[in-house]
Amino acid sequence: MPNTKSAGKAMRQATKRKVHNIKVKDTFKEAVKEVKKMVAAGKKSEAMEAIKKAMSTLDKAAKTHVIHKNTASRKKSRLAKAIAKLK
């Protein structure tokens, strides 16, 4: 239990942020998995559509500091490279 009123508010804020951050992480992880699934199946056109959503969600996560901007950049680069390898 928090000892002061401000500590109580900080605890409430931290809980709200944690819930939001988990939701954002789950969203971009699902988008990345979708791209990887399309690449594994060899479906280039579907992968191109899925990567747009994945890049958008990664950028949003980086913008709100859920993940580091370099982490988002690295993930986007690796997805693009995997799609480029498809024929």
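Read on for a plain summary of the structure.

Basis of the calculations
Residues numbered from 1 in each chain as written. Predicted model: local features only at pLDDT ≥ 70, side-chain atom pairs only at ≥ 80, totals over all residues. Heavy atoms only, no water. Patch = residues over 30% accessible without salt bridge, like charges linked within 9 Å, V, L, I, M, F, W, Y side chains within 5 Å. Areas by Shrake-Rupley, 256 points an atom, 1.4 Å probe, with all protein chains shown as cover. Salt bridge = Lys/Arg side-chain N within 4 Å of Asp/Glu carboxyl O. Lys, Arg positive; Asp, Glu negative; His and termini not counted. Charge placed at Lys NZ, Arg CZ, Asp CG, Glu CD. Helix = DSSP H or I, 4+ residues; strand = E, 2+ residues; numbered from the N terminus. Buried < 20%, exposed > 50% of the residue type's maximum accessible area, 1.4 Å probe, protein only. Contact = heavy atoms within 4.5 Å.

**Overview of a positive patch on the surface**
Together, Lys-25, Lys-29, Lys-36, Arg-74, Lys-75, Arg-78, Lys-81 and Lys-85 line one region of the surface with positive charge. Every element with two or more residues in the positive patch is listed here: helix 1 (5–41) and helix 3 (69–85). Looking at the positive patch element by element, the count peaks at 5 residues for helix 3. Within the secondary structure layout, Lys-85 lies in helix 3. Given a relative accessible area of 66%, Lys-85 falls into the exposed group.

**Focus: the environment of Lys-75**
Structurally, Lys-75 is set in helix 3. With residues up to four places along the chain from it excluded, the contact list for Lys-75 reads Phe-28 and Leu-58.

**Some thoughts on unusual backbone geometry**
Of note in this structure, His-65 is not a glycine but carries a positive phi near 65 degrees. Among the secondary structure elements, His-65 is positioned in the loop between helix 2 (44–63) and helix 3. Owing to a relative accessible area of 72%, His-65 belongs among the exposed residues under this scheme.

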